[in-house]
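Observations on chain architecture
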Amino acid sequence: MTDSVNNKGTSGHYNVKPLQQAHDEQASAPINLAIPVEYAGQRLDQTLAKLLPQWSRSRLQAWISENHVLLDGRNATIKQKVWGNESVHINPPKNSGCETVHQAEVMGLDVIFEDEALIVINKPAGLVTHPGNGNWHGTLLNALLHHTPQLHHIPRAGIVHRLDKDTSGLLVVAKTLEAQTSLVRQLQQRSVKRQYLALVIGEVVQSGTVDAAIGRHPVHRTKMAITDKGKPARTHYRILESFRGCTLLECNLETGRTHQIRVHMQAIGHPLVGDPVYGGKVQKMDQGTAAILHRFARQALHAWKLGLIHPQSQLLLEWETEIPDDMKTLLQQLRQHNDTDL
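First things first, this report covers the structure right here in the doc. A quick note: this is a predicted structure, and the numbers were derived from the prediction, not measured.

Observations concerning helix α8 (residues 325–339)
Counted at 1.5 Å a residue, the expected span for α8 with its 15 residues is 21 Å, and the 21 Å between its end C-alpha atoms agrees. Listed as buried for α8 are Met327, Leu330, Leu331, Leu334 and His337. Angular distribution of buried residues about the axis of α8 spans 120°; they occupy a single face of the element. For α8, the exposed residues set more than 90 degrees away from the buried face come down to Asp325, Gln336 and Asp339. Its buried side turned inward, α8 meets β8 (193–201), β12 (234–243), β13 (246–253), α7 (287–294) and β14 (301–309).

Concerning the pattern of salt bridges
Throughout the structure, instances matching the rule amount to 11 salt bridges. A salt bridge links Glu322 to Lys328; the shortest N-O distance between them is 3.5 Å. Its relative accessible area of 63% is what places Glu322 among the exposed residues. Classification of Lys328 by relative accessible area gives partly exposed; the value is 28%.

Conventions used here
Residues numbered from 1 in each chain as written. Predicted model: local features only at pLDDT ≥ 70, side-chain atom pairs only at ≥ 80, totals over all residues. Heavy atoms only, no water. Helix = DSSP H or I, 4+ residues; strand = E, 2+ residues; numbered from the N terminus. Expected span 1.5 Å × (residues − 1). Buried < 20%, exposed > 50% of the residue type's maximum accessible area, 1.4 Å probe, protein only. Arc of directions from axis to C-beta. Contact = heavy atoms within 4.5 Å. Salt bridge = Lys/Arg side-chain N within 4 Å of Asp/Glu carboxyl O.

Next comes the structure, spelled out in structure tokens:
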């Protein structure tokens, strides 16, 4: 991280006290906040969804439509643009607490770091991060609620970013509302360092950057795709090791869109090994390599490095974790195959 990564500045500052009020048991106290200047030009509903993550965007839109939201003292509209420093007053209807109550579940967690503000988890492949889409139990969120009961009072149990079910690696969780606000702002400012190890199909010849907006696939709504209507997305990648028919890359996320690395690697013709959604058909693969890759049962993606500014100390903290056993075995097999004569 550069010296410009600083969470102490007053530019874009907003008060986190309303978030604490919103998560009081009654959750119906008025909320007052100022629009940070970095949201200039965005719609009001989009901005509020970022500032108040404990409520869904649809819930906030309903409150705006029902005149529960005042912008600079006047009834607001959903598509109204904000320009920074406006005052927002929200008078939530009664019984407007967190929208879904999730259950704590006893599950083992690989905790890499923990203090009064943060938990850093090494998530295994196969573990869903957040309940939804038929996975309402046995998720990381359920495990976190048992590990740290105070997370019942934090939006999304403190989860500020996700890893796909079959992606392994480091993920940070906030234990307080102040820490969550800080982490969300760092993610929005693109100052959180997230580096992944990705084994991709094909022999990549040079490192590079993919700069292409990502949004919902126009036909297959469960997939993401590169589209002009999507959100900006940028992935930097560099070659770490080359094999016959595949390449180990380090991918550095500048943004954090859903399925970003998987979509961007597919876009340059090098989909992730084992990716069931974006893998596609592979042409002209070395037979030995193909046999090795065929046995790998998930996308070969591991979040191995994480860096951020600690919300309380303001110190830069970084963590890294070893590659998981299944990917380690895969790489060993590929190295052995590389050493054999053609």
